Amino acid sequence: MKRRDDLPDWMWSDALAALDRAEQLHRHLFQPGRHARTTTWEPPVDVLETEHDVLIYVALPGVDARDVSAVIDGAALVVSGRRTLPPALRTAAIHRLELPQGRFERHVGLPPGRYAAADVTSERGCLVIRLHKMP
């Protein structure tokens, strides 16, 4: 059996990309109760844990933190909202539109624990949700 160290880097990258695509498909197709009919896209997230906090970075360029809902639902954080074109660009001729528009919703599994409070801020195009751990 080959160890991870023996695999070329491109093979490892391809395997991780395939796993990511499979996870996205699973989230879209195999979760009953989700509002798939109204949700058009899911923003990418990073989840980091420190001694005192859990930090969730949600990539939402052009979305104001005040327009996003972040609610703990059981063992998950549900982040939802809508990304729309700025009013000045609504009449512009669009030559390329790659950033997703419309309603988004993302369910993010949280590390086990209890959380006392949450701070929501924007930082460099990301929504940053800081959940404070309870002892």
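Above this text sits the structure in question.
Below, the structure is looked at part by part.

1. Remarks on the overall build of the chain
Secondary structure summary: the chain contains one helix and seven strands in total. Shown N-terminal to C-terminal, the secondary structure of the chain runs as helices and strands in the order α-β-β-β-β-β-β-β. Out of the 135 residues in the chain, the part that is buried amounts to 25%. Here the contacts in the chain between residues at least 6 apart in sequence split such that 54% fall between residues at least 24 apart.

2. Focus: the sheet that holds strand β4 (residues 76-83)
Strands pair in a sheet through their backbones, by hydrogen bonds, and they do so in one of two ways: parallel or antiparallel. What the three strands build is an open sheet, ordered β3-β4-β5; its pairing is antiparallel. The open sheet is flanked by β3 (68-73) and β5 (102-109), the only strands paired with a single partner. Along the sheet, successive strands turn relative to each other by an average axial angle of 15°, direction set aside. Bridge count between β4 and β5: eight bridges; the pairing is antiparallel. Each residue of the ladder has a partner; that of A76, found in β5, is G109.

3. A word on the sheet that holds strand β7 (residues 126-133)
The antiparallel open sheet is built from four strands, whose spatial order is β1-β2-β7-β6. One side of each edge strand has no neighbouring strand; the edge strands of this open sheet are β1 (45-49) and β6 (115-123). Each strand axis lies, on average, 15° off the axis of its neighbour in the sheet, ignoring direction. Sheet topology note: the β6/β7 ladder contains eight bridges and is antiparallel. Along β7, the bridge assignment pairs V120 with I129.

What counts and how
- Residues numbered from 1 in each chain as written.
- Predicted model: local features only at pLDDT ≥ 70, side-chain atom pairs only at ≥ 80, totals over all residues.
- Heavy atoms only, no water.
- Helix = DSSP H or I, 4+ residues; strand = E, 2+ residues; numbered from the N terminus.
- Buried < 20%, exposed > 50% of the residue type's maximum accessible area, 1.4 Å probe, protein only.
- Contact = heavy atoms within 4.5 Å.
- Pairing = 2+ DSSP bridges.
- Axes fitted to C-alpha atoms, helices over the stretch in contact; angles between N-to-C directions.

What is shown is where atoms sit, not what they do.
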